Amino acid sequence: MGAGTFTAGSPILFESVSQVTATPSVQIGARALVNGEAYCYVYNAGTDTATKDHGVIITAMTGYSISLQSVTGVGGFFGLVKHADIPAASYGWVMTKGFGQGLAGTTKSLATGDELTVGVSGTFGKNTGALTAWACGKVLNGAATAATADIFFSGM
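Undergrad: Tell me what's going on with the nonpolar core, and back it up with residues and numbers.
TA: Residues Trp93 and Phe124 are the most contacted members of the largest nonpolar core, which totals 24 residues. For this core, the secondary-structure elements that each account for two or more residues are strand E3 (31-34), strand E4 (37-44), strand E7 (77-80), strand E8 (91-103), strand E9 (115-118), strand E11 (135-141) and strand E12 (148-154). By size, the runner-up hydrophobic cluster in this structure holds 10 residues, among which are Val42, Val56, Phe78 and Ile86.

This is the structure in structure tokens:
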């Protein structure tokens, strides 16, 4: 059985997209559309907490197991942890498309109009066009190093 697609106000989606739990509350891979933003229900298979304002990548063949990025410019951006931290071995909702805030890397500043890629520990930096880097968003309002920027994200 495939994952369901829900919309806000649907009688099927009984939880908020900020819900995080140690046991799955909906089917892994379920999709939801809330206020024009797309979300996917995932499992954090990494060893670190996927923290708010950070990007996550796919880590397993299921396509719904994620972790924080550990190497600069490697792996495909899956989505943004927008509402609540997702601890290791826990389940939660990740925004795959929409407006949010992303944290700039500790050595990166983000300028308005920059195309982004996810980097070390789920922070964001300017896409340099490297073959291993996948574009994941566009900066709407710039930010200094280690600060959040307003970004339009587009993941998987």
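From this point, the discussion proceeds with the structure in view.
Undergrad: Go over the side chain of His54, please, and point to the residues and values.
TA: Considering the arrangement of structural elements, one finds His54 in the loop between E4 and strand E5 (55-58). At a separation of 3.0 Å, a polar atom in the side chain of His54 contacts the main-chain carbonyl oxygen of Lys52. With residues up to four places along the chain from it excluded, the contact list for His54 reads Leu68, Gly79, Leu80, Val81, Leu103, Ser121, Gly122, Thr123 and Phe124.

Undergrad: Give a detailed account of the pattern of salt bridges, specifying residues and quantitative values.
TA: On inspection of all chains with the given rule, the structure shows two salt bridges. For the salt bridge of Glu37 with Lys82, the shortest nitrogen-to-oxygen distance reads 2.5 Å. A residue pair is termed long-range when its members are at least 10 positions apart, and Glu37 in strand E4 and Lys82 in the loop between E7 and E8 qualify at 45 residues. With its nearest N and O atoms 3.4 Å apart, the salt bridge here joins Lys52 to Asp53. In this structure Lys52 comes out as partly exposed when scored by relative accessible area, which is 37%. Judged by its relative accessible area of 14%, Asp53 falls in the buried class.

Definitions and limits used
- Residues numbered from 1 in each chain as written.
- Predicted model: local features only at pLDDT ≥ 70, side-chain atom pairs only at ≥ 80, totals over all residues.
- Heavy atoms only, no water.
- Core = buried A, V, L, I, M, F, W, Y, C linked by side-chain atoms within 4.5 Å.
- Buried < 20%, exposed > 50% of the residue type's maximum accessible area, 1.4 Å probe, protein only.
- Helix = DSSP H or I, 4+ residues; strand = E, 2+ residues; numbered from the N terminus.
- Polar contact = N/O pair within 3.5 Å; in protein donor to acceptor, adjacent residues only side chain to side chain.
- Contact = heavy atoms within 4.5 Å.
- Salt bridge = Lys/Arg side-chain N within 4 Å of Asp/Glu carboxyl O.

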